[in-house]
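Chain and residue survey
Given next are the chains, with one letter for each unit.
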Amino acid sequence: ELYAEMLAHAGGAFAQIARRVAAARPGSGSSVLVHCTAGKDRTGVAVAVLLDAVGADREAIVADYASSHANLVGAWEAGMVAAIEAMGVTVTPSLRALVTATPAEAMVATIDRIDADYGGGAGHLAAAGLGRRARGAASRAPGRVSADSDAVVARLRLAGSVFAEDEAALLREA
């Protein structure tokens, strides 16, 4: 439910993240770090949308999201639980899971929702205002690719280049 709300209301932020990721150029000193408090909810959904938009293998997207749990247990989890308890809230097992769990089925449901509502990650970014040429460039290569492959990075860079050209053309016309 939380991720569905993000999809419905955070599309503009996801499109902006896509623009920034695509604009980072090797050797230029530019890079992009996408993060939030835990790196699983807002970051997980944003990265899933981007990876799906450029054709990353869905099983790899889900596995990447699910692997985040290992980074949340231990000191980070203890600190979050302590902060919640300091506010006078009893930490139940379901609340602990909400804070630290990254169940694969949550991301599967999210990707299914992206497909049902937008026709995929590229459609979601389109609905959020990412330019048509940029989306086409990002998804032009056929087939799906590994989530950590150079093809994903290349597609995002190509989308960023095309987006920048579209933006420049719009500015010239204004």
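For the structure itself, consult the block above.
Okay, so let's go over this structure. (Residues numbered from 1 in each chain as written. Predicted model: local features only at pLDDT ≥ 70, side-chain atom pairs only at ≥ 80, totals over all residues. Heavy atoms only, no water.)

Looking at the side chain of Thr100
To keep it simple, the criterion reads: Each helix corresponds to a stretch of at least 4 residues labelled H or I by DSSP, and each strand to a stretch of at least 2 residues labelled E; elements are numbered beginning at the N terminus. In this scheme, a residue with accessible area under 20% of its type's maximum is buried, one over 50% is exposed, and one in between is partly exposed, where area comes from a 1.4 Å probe on protein chains only. Residues are treated as being in contact if the distance between any of their heavy atoms lies within 4.5 Å.
Inspection of the secondary structure assignment puts Thr100 in helix H7 (residues 93-100). With relative accessibility at 4%, the residue Thr100 sits in the buried group. Once you skip the residues sitting within four places of it in the chain, Thr100 turns out to touch Lys40, His69, Leu72, Trp76 and Glu77.

Let's talk about the environment of Gln16
Mapped onto the elements of the fold, Gln16 is located in helix H2 (residues 11-23). Separated by 109 residues in sequence, Gln16 and Leu125 place their C-alpha atoms 9.3 Å apart.

Quick look at helix H3 (residues 42-53)
Selection criterion: In this analysis, the expected span of each helix is defined as 1.5 Å times one less than the number of residues it contains.
When the terminal C-alpha atoms of H3 are compared, their 17 Å separation across 12 residues agrees well with the 16 Å that a helix rising 1.5 Å per residue should span. With 10 of 12 residues buried, H3 lies mostly within the body of the structure. Positive backbone phi, approximately 90°, marks Gly55, located one or two places after H3.

Regarding the pattern of salt bridges
Operational definition: When a carboxyl oxygen of Asp or Glu lies within 4 Å of a side-chain nitrogen of Lys or Arg, that pair is called a salt bridge.
The tally for this structure, following the rule as stated, stands at 5 salt bridges. Across the salt bridge formed by Arg58 and Asp52, the nearest N and O atoms sit 2.7 Å from each other. Since its relative accessible area comes to 6%, Asp52 is described here as buried. Salt-bridge contacts for Asp117 lead to Arg113; the nearest nitrogen and oxygen are separated by 2.8 Å. Taken together, the residues Asp117 and Arg113, both in helix H8 (residues 104-118) and 4 residues apart, mark about one turn of the helix. On the basis of relative accessibility, which here comes to 39%, the residue Arg113 falls in the partly exposed class. A cluster of three or more residues bridged by salt bridges with shared partners is formed by Asp52, Arg58 and Asp115.

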